[in-house]
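Listed below are the residues making up each chain.
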Amino acid sequence: MDMKQLMLGNAAVARGLYEAGCSVISSYPGTPSTEITEEAAKYSEIYCEWAPNEKVAMEVAFGACLGGKRAFCAMKHVGLNVAADPLYTMSYTGVNAGLVIGVADDAGMHSSQNEQDSRHHAIASKVPMLEPSDSAESLAFAKLAYELSEEFDTPVLLKMCTRVAHSQSIVETAERVVPEDKPYEKNIAKYVMMPGNAKRRHPVVEERTRKLTEWAETAPVNRVEMGGTKLGIVTASTSYQYVKEVFGDSVSVLKLGMTNPLPVNLIRDFAAKVEKLVVVEELDPIIENHCKALGLAVSGKDVLPMIDEFSQNLVAGALGAEVHSGRSLDVAIPPRPPVMCAGCPHRGLFYTLSKNKCTVLGDIGCYTLGAVAPLAAMEMTLCMGGSVSAIHGFNKARGAESEGKTVAVIGDSTFMHSGMTGLANIAYNQTNSTVIIVDNSITGMTGHQQNPTTGFNLRGEPAGKIDLEALCKAMGFRRVRVVDPYDLKACDAAVKEELAAAEPSVIISRRPCALLKNVKHKAPLAVDSDKCRGCKACMKIGCPAISIKNGKACVDATQCVGCGVCEQLCGFGAFGTTAKEG
Amino acid sequence: METKNIMIVGVGGQGSLLASKLLGRLLLQQGYDVKVSEVHGMSQRGGSVVTYVRYGDSVASPVIDKGEADYIVSFELLEAARWLPYLKPDGQIVTSTQQIDPMPVIIGAAEYPADLVEKMRATGAKVDAMDCLALANEAGSSKAVNLVLMGRLSHYFDLPDEAWQEAMAAVVPPKFLELNKKAFALGKNA
């Protein structure tokens, strides 16, 4: 391997974990955090797994650190909500071997349902947080995180954001150094967090924060770059890069690599050296409020937005520097929102739900695109697993009429993540709810990760496989049926019958993701323009491969995978295969 | 050297990640500081996607902003037009003339604008437009549009052909190398 190379931020974290001697990783995929674990799995020395959810992943990592090996878990920002329970109490127990938690925020919501700021979790759980601003720092901070974890007896949060996680920049690599395993010693007072013990641990946490604050005052990761006294900017993460892009060395910068706990004297001294103090941070005013609590006159969210990600032009405009402007085209450019792929198995199901005018409570995954026109067949998406719990409440509130037309739709991976517990609630507290598990045999949106229902582990080796039908039956569901979403008639019958049934049911809509490499496609379809009447029945499914050209339907052969769903909608037999006979 | 900016734009799934990998490798070998910023996740599902490639003596921001791109390389015509505001006053567009209808056009809620190459030129933009899909098919695969575009882009760079060949060999799987080299050459000589 070249010593100096271009590396994705997430791959650099993985490299840092490798070099630090991390031995156990358990994660749940989530953009923009997924590649950390995928890249780490390329190092055979590290045991890596996909856990069913982030809480499980964090607890696995905790167990491994307790067992004496350096451990790690990764998740996206909303995943940290799921894992908040162990996090807040791991802060009290501390660690044995080092424990690092990777969390990736998504300012701008490139692929997320909200843009919460993970720094709040660091503050609330009293766990230190490091924030790299490029790949070189991602690698270095991953290693530093283990040193801090073991020196201060604490888990450490390593916070990424989309622009650090998914940008490549130059890193220099080093050899892997594995520290000796820490012996495991029984220590009930430290590791059993019942009230009496927790009361004695809380002061330890407060003292640790005091010591970490002291460390932060002189830590090399919090550095001052003086460049005149007119303007001083306090910044961190990718915002630092935008500040440097706009101002270069012409202003003074306090670059914070550790954003919890924040230094006090370092910031006061920096503020005293400059005429005007500005905090440049994405999302919430956390550094800014810290400065205000110190009694400093500071500017920040009065000129910079709380919403969306930053860029160099945005920072330049807010701070009175030159903004680059571009030309504009005097033409309306239609938007290009993401859509279900051609051949996506979810399409047939959502067409059926739309046709039957079902109320669809949805979940997190590729199938959330079922809410997009023309299908527009999803009316709620909240969080992982939310559909299965919410349908029960919805039906309790609205009664039998609702039970006859409402469905919950959840993917296989999301069901394993946190849909199962909602299903247990339906079985236990009894609504006549209909839950549809869209099983495409993979975790799709995050780029094809295995999960407990696929029969393979993270490295693609055979693994345990949970039988969804058996699981639902064991919970007490008598009506569990499997349907092929490419078969519109079967889909329609399943939805109608299960909604009409006098007891709760589970429909498993099963067909592998069309993008999976092992899925064999049929030849593309073509339209016989003599037979096509231009009725646009085939346009109701929102397939990106079908368009209307000169009044007739037209199939884009480069996209079509021959799924045949459009063919079933055509009343004139206009669709035919392009496959050669024989 | 002042930082130079290349944007690669297109429709999710068209293969822009290989193009940015190629450029990253090429520019790193030339001794530049390089940053490449990509998009993963939902927009890869047929949405509008953009990759930023920046190089120079020292690169700070990982993204390119309005009015900053020296080159916009586009897999699809509408996407070239969408990102036009990001072009520098004297910037160069290299685009395939392929048109992929976005969903609002497919369902009849919007129209695909006509004569986009002419309209972009009317703003003073330098536009190099060609049917890269046809050339990719000529090379042997519709998936090789990315290398046709890279071949075309290489026109505007003062770099020896060997440098591009080395970068291709480094990032393209051996199985597809010959096909991709052919696509590169077709784009370069078109």
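Residues numbered from 1 in each chain as written. Chains lettered and ligands numbered in written order. Predicted model: local features only at pLDDT ≥ 70, side-chain atom pairs only at ≥ 80, totals over all residues. Heavy atoms only, no water.

**What about the pattern of salt bridges?**
Residues and elements named next belong to chain A.
- Throughout the structure, instances matching the rule amount to 40 salt bridges over all chains.
- Note that Glu131 and Lys159 form a salt bridge whose closest N and O atoms lie 2.9 Å from each other. Taken as a pair, Glu131 in the loop between β6 (129-130) and α7 (135-152) and Lys159 in strand β7 (residues 156-161) lie far apart in primary sequence, 28 residues in all.
- Looking at Glu131, the relative accessible area reads 2%, which means it is buried. (Salt bridge = Lys/Arg side-chain N within 4 Å of Asp/Glu carboxyl O. Helix = DSSP H or I, 4+ residues; strand = E, 2+ residues; numbered from the N terminus. Buried < 20%, exposed > 50% of the residue type's maximum accessible area, 1.4 Å probe, protein only.)

**Thoughts on the packing of aromatic side chains**
- Counted under the stated rule, the structure contains eight aromatic pairs over all chains.
- Counting every residue linked through ring pairs, the aromatic cluster contains Tyr32, Tyr55, Tyr71, Tyr156, Phe157, Trp164 and Phe184 of chain B.
- A cation over a ring is seen here: Lys255 of chain A above Tyr240 of chain A, with NZ or CZ 5.5 Å from the ring centre. (Phe/Tyr/Trp six-rings, centres within 6.5 Å; stacked < 30°, edge-to-face > 60°. Lys NZ or Arg CZ within 6 Å of the ring centre and 35° of its normal.)

**Points about the nonpolar core**
- By size, the foremost hydrophobic cluster in this structure holds 67 residues, and its most contacted members are Phe350, Leu353, Val409, Leu423 and Ile437 of chain A.
- No fewer than three residues from each of domain 3 (346-510) and domain 4 (525-577) of chain A sit in this core.
- Aside from chain neighbours lying at most four places away, what touches Phe350 of chain A is Met340, Val360, Tyr367, Gly370, Leu375, Ala377, Met378 and Val409 of chain A.
- With 43 residues, the next largest nonpolar core counts Leu28, Val145, Ala163 and Ala183 of chain B among its residues. (Core = buried A, V, L, I, M, F, W, Y, C linked by side-chain atoms within 4.5 Å. Domains from an automatic or database assignment. Contact = heavy atoms within 4.5 Å.)

**Things to note about the interface of chain B and chain A**
- Across the contact, 58 residues belong to chain B and 59 residues belong to chain A.
- The tally of links from chain B across to chain A stands at four salt bridges.
- Glu76 of chain B serves as the salt-bridge partner of Arg336 of chain A, at 3.0 Å between the closest nitrogen and oxygen.
- Broken down by secondary-structure element, the contributors of at least two residues to the side of chain B that touches chain A are α1 (16-29), β2 (33-37), β3 (48-56), α2 (77-82), β5 (87-96), α3 (103-106) and α4 (116-122) of chain B.
- Per-element accounting of the side of chain B that touches chain A gives the leading share, five residues, to β2 of chain B.
- Grouping the amino acids of the side of chain B that touches chain A by side-chain chemistry returns 29 nonpolar, 12 polar and 17 charged.
- Across two bridges, strand β8 (residues 167-172) of chain A lies against β2 of chain B in antiparallel orientation. Opposite Ser167 of chain A, over in β2 of chain B, you have Ser37 of chain B as the bridge partner. (Nonpolar A, V, L, I, M, F, W, Y, C, P; charged D, E, K, R; others polar. Pairing = 2+ DSSP bridges.)

**So, the domain arrangement of chain A**
All names here are of chain A.
- Along its sequence, chain A is carved into domain 1 (4-218), domain 2 (222-318), domain 3 (346-510) and domain 4 (525-577).
- Of the residues lining the interface, nine residues belong to domain 3; the matching set on domain 4 comes to 10 residues.
- A per-residue breakdown of the area domain 3 buries against domain 4 is headed by Arg347, Tyr351 and Tyr486, which together make up 62% of the total.
- The interface formed by domain 3 and domain 4 includes zero salt bridges.
- The interface formed by domain 3 and domain 4 contains four residue pairs in polar contact (both at pLDDT 80 or more). (Buried area = accessible area lost by both parts, 1.4 Å probe. Polar contact = N/O pair within 3.5 Å; in protein donor to acceptor, adjacent residues only side chain to side chain.)

**With respect to the environment of Leu369 of chain A**
All names here are of chain A.
- Its place among the elements puts Leu369 in the loop between β14 (359-361) and α16 (386-398).
- A residue is classified by how much of its surface remains accessible, and Leu369, at 6% relative accessible area, is buried.
- Distance in space between the C-alpha atoms of Leu369 and Arg347 is 9.4 Å, their sequence separation being 22 residues.

**Looking at the sheet that holds strand β1 (residues 4-11) of chain B**
- Sheet architecture is open: eight strands sit in the order β1(A)-β8(A)-β2(B)-β3(B)-β1(B)-β4(B)-β5(B)-β6(B), paired in mixed fashion. The open sheet is flanked by β1 (4-8) of chain A together with β6 (126-130) of chain B, the only strands paired with a single partner. The mean angle between the axes of side-by-side strands here comes to 20°, regardless of whether they run parallel or antiparallel.
- Across four bridges, β1 of chain B lies against strand β4 (residues 69-74) of chain B in parallel orientation. Bridging across to β4 of chain B, Ile8 of chain B finds its partner in Val73 of chain B. (Axes fitted to C-alpha atoms, helices over the stretch in contact; angles between N-to-C directions.)

**Regarding the packing of helix α15 (residues 346-355) of chain A against helix α20 (residues 488-500) of chain A**
All names here are of chain A.
- Running from N to C, α15 and α20 cross one another at 50°; their axes reach a closest spacing of 9 Å. Taken together, the axes of α15 and α20 lie oblique to each other. α15 and α20 meet at a crossing whose hand is right-handed. Residues Gly348, Leu349, Tyr351, Thr352, Leu353 and Lys355 of α15 touch α20, and the partners they reach there are Leu488, Cys491, Asp492 and Val495.
- Each residue belonging to the contact of α15 with α20 can be placed in one class, and the counts come to six nonpolar, two polar and two charged. (Parallel < 35°, antiparallel > 145°, perpendicular 65-115°, else oblique. Left-handed = near helix turned anticlockwise from the far one by under 90°.)

**What to know about the sheet that holds β6 of chain A**
- Spatially, β3-β2-β4-β5-β7-β6-β12 (chain A) is the arrangement adopted by the seven strands of the open sheet, whose pairing is mixed. Two strands in the sheet have a free side with no partner beyond their single neighbour: β3 (47-50) and β12 (258-260) of chain A.

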